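Here is what each chain is made of, one letter per residue.
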Amino acid sequence: MAERKSEIFRSFPQALNKWNQPVLEQGRGRGRPGPRRPSRRQTGGRSRCPEAPTDNEKAEFPKVRSSVSKENLVERLPSEILLKILSYLDVSSLFCISHVSKLFYQLANDDFMWYRIYMSEFGWKPKAVGNVAVKMEPAEDRSTGCWKWMYFRMMTGQEMNKWRGALRDIGPFTGLPQQTEWVLRNLNVSWELMLHTQRGQVVVLEQSRGYYLESSMIVHWSGGCLPSYQHINSIQLYGVRKEKLAWRSLILNLDMETHPYEVIGKDGKIRLACLSPGVVIGFWTGQGNVAFIMISLHFHRLVEKILLGSPVCPYSEPLDRPPVDDSDPKFGLHGYTLHFVLHNTRTQIMSGHFRRLSCSTIQQGLAEMKVISRTNVSQHRSLSGSIRLPWKREKLEGSVENCCIMTLTLLDDFQKPFWCVSTPVTISMVKKSQSFDYSGTDFLMVYRSSEGQVKMKLVWLKEQQQFFLVGLTLYVSILKVNAHFSTKYKS
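Anyway, here's the lowdown on the structure attached to this text. (Residues numbered from 1 in each chain as written. Predicted model: local features only at pLDDT ≥ 70, side-chain atom pairs only at ≥ 80, totals over all residues. Heavy atoms only, no water.)

### Examining the overall build of the protein
The condition that has to hold: Where helices and strands are cited, they refer to DSSP runs of H or I of at least four residues and of E of at least two residues respectively, numbered from the N terminus. Burial status follows relative accessibility: with a 1.4 Å probe on protein chains alone, a residue under 20% of its type maximum counts as buried, one over 50% as exposed, and anything between as partly exposed. For this analysis, residues touch if any pair of their heavy atoms sits within 4.5 Å. Per-residue and other accessible areas follow the Shrake-Rupley method at a 1.4 Å probe size, with only the shown protein chains counted as cover for residues.
A count of helices and strands for the protein gives 12 helices and 22 strands. Counting the 491 residues in the protein, one finds 48% classified as buried. Sequence separation of at least 24 residues holds for 59% of the intrachain contacts in the protein that already meet a minimum separation of 6. Per element, the accessible surface of the protein, about 26,200 Å² overall, is 49% carbon and sulfur.

### Considering helix H4 (residues 79-86)
Cut-off, in case you're wondering: Directions drawn from the helix axis to the C-beta atoms are what define this arc.
Taken residue by residue, H4 has Ser 79, Leu 82, Leu 83, Ile 85 and Leu 86 as its buried positions. Summarising the axial view, the buried residues of H4 lie within an arc of 160 degrees, below the 170-degree limit, and thus occupy one face.

### Structural notes on the packing of aromatic side chains
Definition in use: To pair, rings of Phe, Tyr and Trp, with the six-membered ring standing in for Trp, must have centres within 6.5 Å; the planes then decide the type, stacked if under 30 degrees apart, edge-to-face if over 60, and tilted in the middle.
For the structure shown, the criterion picks out 12 aromatic pairs. A ring pair is formed by Phe 292 and Trp 391, whose centres lie 6.0 Å apart and whose planes are at 15 degrees; its orientation type is stacked. Linking Phe 292 in strand S10 (residues 290-298) with Trp 391 in strand S16 (residues 388-393), this pair joins segments that are 99 residues apart in sequence. For the pair Phe 292 and Trp 391, a shared accessibility class is recorded, and that class is buried.

### Thoughts on the pairing of strand S14 (residues 366-372)
So the rule is basically this: Two strands are counted as paired when DSSP detects at least two bridges linking them.
Counted residue by residue, S14 has 6 buried out of 7 residues, so it is predominantly covered. Direction of pairing for strand S13 (residues 362-363) relative to S14: antiparallel, over a ladder of 2 bridges. Across the sheet, residue Gln 363 finds its bridge partner in S14, namely Leu 366. Where S13 hands over to S14, the hairpin turn is made up of 2 residues, of which Gln 364 adopts a positive phi near 55 degrees. Taken together, the 6 bridges between S14 and strand S22 (residues 466-477) define a ladder with antiparallel strand orientation. Looking across to S22, one finds that Lys 370 is bridged to Thr 473.

### Structural notes on the side chain of Thr 409
Residue position: Thr 409 is located in strand S18 (residues 403-411). Using a relative accessible area of 0% as the deciding quantity, one classes Thr 409 as buried. Other than its neighbours up to four places away in sequence, Thr 409 contacts Thr 174, Leu 176, Ser 215, His 298, Thr 337, Leu 338, His 339, Trp 419 and Cys 420.

### Overview of the sheet that holds strand S8 (residues 270-276)
Selection criterion: Working convention: axes come from line fits to C-alpha atoms, limited for helices to the stretch in contact. Angles between N-to-C directions cover 0 to 180 degrees.
Overall, antiparallel pairing links the 6 strands, which are arranged S3-S4-S10-S9-S8-S7 in an open sheet. A strand with exactly one partner marks an edge of an open sheet, and here the two such strands are strand S3 (209-212) and strand S7 (262-266). Between one strand axis and the next, the sheet turns by 20 degrees as a mean value, whatever way the strands run. Note: strand S9 (residues 279-284) against S10, 5 bridges, orientation antiparallel. Each bridged residue has a counterpart across the sheet, and for Ile 281 the counterpart in S10 is Ile 293.

### Quick look at the sheet that holds strand S5 (residues 232-241)
With antiparallel pairing, the 4 strands of this open sheet are ordered in space as S2-S1-S5-S6. Bordering the open sheet on either side are strand S2 (202-206) and strand S6 (247-255), each of which pairs with just one other strand. On average, each strand axis in the sheet is inclined to that of its neighbour by 20 degrees, with strand direction left out of account. Of the strand pairs in this sheet, S5 and S6 are connected by 8 bridges, and their pairing is antiparallel. Its bridge partner lying in S6, Ile 235 is registered against Leu 254.

### Re the pairing of strand S1 (residues 190-197)
Side chains on a regular strand alternate between the two faces of the sheet. Within S1, 7 of the 8 residues are buried, leaving the element largely enclosed by the surrounding structure. Bridge count between S1 and S2: 5 bridges; the pairing is antiparallel. Across the sheet, Leu 193 pairs through a bridge with Leu 205, a residue of S2. Linking S1 back to S2 in an antiparallel pair, the connection comprises 4 residues, with Gly 200 at a positive phi of about 85 degrees.

### Regarding the environment of Ser 382
Structurally, Ser 382 is set in strand S15 (residues 381-382). In this structure the C-alpha to C-alpha distance between Ser 382 and Gln 466, which are 84 residues apart in sequence, comes to 7.3 Å. Other than its neighbours up to four places away in sequence, Ser 382 contacts Met 350, Gln 466, Phe 467 and Phe 468.

### A closer look at the pattern of salt bridges
Note the following rule: For this analysis, a salt bridge means a side-chain nitrogen from Lys or Arg found within 4 Å of a carboxyl oxygen belonging to Asp or Glu.
For the structure shown, the criterion picks out 8 salt bridges. The closest approach of N and O atoms between Arg 248 and Glu 192, which form a salt bridge, is 2.8 Å. A residue pair is termed long-range when its members are at least 10 positions apart, and Arg 248 in strand S6 and Glu 192 in strand S1 qualify at 56 residues. Residue Glu 192 is classed as buried on the basis of its relative accessible area, which comes to 7%. A salt bridge links Arg 346 to Glu 397, with the shortest nitrogen-to-oxygen separation between them at 3.8 Å. With a gap of 51 residues between them, Arg 346 in the loop between strand S11 (336-343) and strand S12 (348-357) and Glu 397 in strand S17 (residues 396-401) connect regions that are remote in the sequence. Residue class for Glu 397 comes out partly exposed when judged on its relative accessible area of 49%. Linked through salt bridges whose partners overlap, the residues forming this network are Arg 301, Glu 304 and Glu 317.

Shown next, in the form of structure tokens:
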């Protein structure tokens with residue numbers, strides 16, 4: 001980054017010499033006058049696009065402070081001249097220089113300049129640009145950055161079309177694109193974690209390791225001096241594509257006050273806490289300092305979240321409601337398919353595929369769906385290996401017993417993803433044994449969220465040194481069912 005900035009500043013004298021010279025040709029039209037605005041006939045006469053900024057609609061440039069050093073001749077230039085110089089930079093350099101200072105951030109986001117960039121690249125105005133800008137950017141910034149975000153929106157849209165073909169091959173068991181891992185690797189995506197502290201500091205962490213599994217992936221951050229958990233205000237997760245202007249897409253934004261953590265296990269060195277579905281924080285035992293952070297990401301719409309999200313607003317999944325079937329009195333309560341996996345960062349503990357699931361009863365706002373029954377021995381599944389979650393921090397490593405990752409993919413009657421979650425779960429012993437068919441110790445795993453609950457019953461067979469899953473029940477929020485199927489079921 002430093003070399004890039006110095007290279008840009010060294011090019012300023014050359015840009016000043018070019019200022020008063022006629023421009024014959026520029027890469028992608030960067031220096032030539034922008035094309036004429038399309039007529040109503042060209043745009044169909046119905047476009048609701050924002051009007052292009054005019055020369056009279058100049059932004060209010062920040063006043064240069066008198067405390068600027070005399071040696072910094074660049075920032076002492078009038079804003080109009082600086083804007084002219086910046087107009088000769090390509091998009092990558094413009095994006096890079098916006099991080100130099102507040103002055104250059106405002107100048108590099110000039111709406112008129114980005115309008116010319118957009119028109120020179122695409123040469124047309126898409127319909128309903130204003131609607132797209134509303135989704136991509138906060139309302140307070142929309143008037144000054146509409147065309148910049150529209151440019152990146154179009155570029156990422158082209159990237160999405162490029163990979164859409166690879167995502168059409170749907171797995172017969174998971175109901176998810178089979179090439180998700182291949183696409184993520186080819187996009188060269190890295191994962192960046194940003195910690196905001198109470199003192200106003202921002203700690204940026206680059207991923208240490210990443211693990212791909214059947215329907216999810218786990219990203220791990222460690223190393224360096226991490227702040228104490230009590231000093232962290234929020235955690236933000238970004239998907240970063242460095243080869244595409246270091247573009248960041250906000251994937252997750254957690255506020256510590258609204259997301260309290262729950263301790264799920266510990267060993268001699270580490271205490272594990274679950275902060276939110278998929279987020280695991282490792283604390284040093286007896287301390288409040290963070291040792292590492294681990295996040296489990298479900299594959300559902302993960303590529304879209306990276307390509308179509310923005311640095312300030314996560315990608316919002318479009319509503320895809322199935323057609324209403326008034327002839328079916330139990331529409332939305334049957335025909336479900338479940339792909340269920342228990343795993344850790346390295347190995348798969350158990351995987352199951354269950355079809356033709358139905359909701360038996362509705363109580364307390366939850367629709368009960370029995371997947372594995374205790375009385376049906378043929379449905380019981382054995383677990384391979386022990387239930388534990390390995391961790392690693394530089395030269396230290398270990399594993400926390402009695403916890404693992406649960407990745408759940410519930411498909412509706414139309415084989416579309418209905419409920420997708422990947423989160424850590426912990427196992428606890430049941431005091432009163434219910435093992436009439438097994439001579440072992442009973443255990444219980446429970447997961448709860450606003451979308452539903454998962455209840456797993458296990459038996460530990462001491463002689464075989466193995467767990468058996470003897471009960472699995474889903475409780476889906478009836479509000480979620482009504483919102484998806486346009487039904488009006490009552491609890």
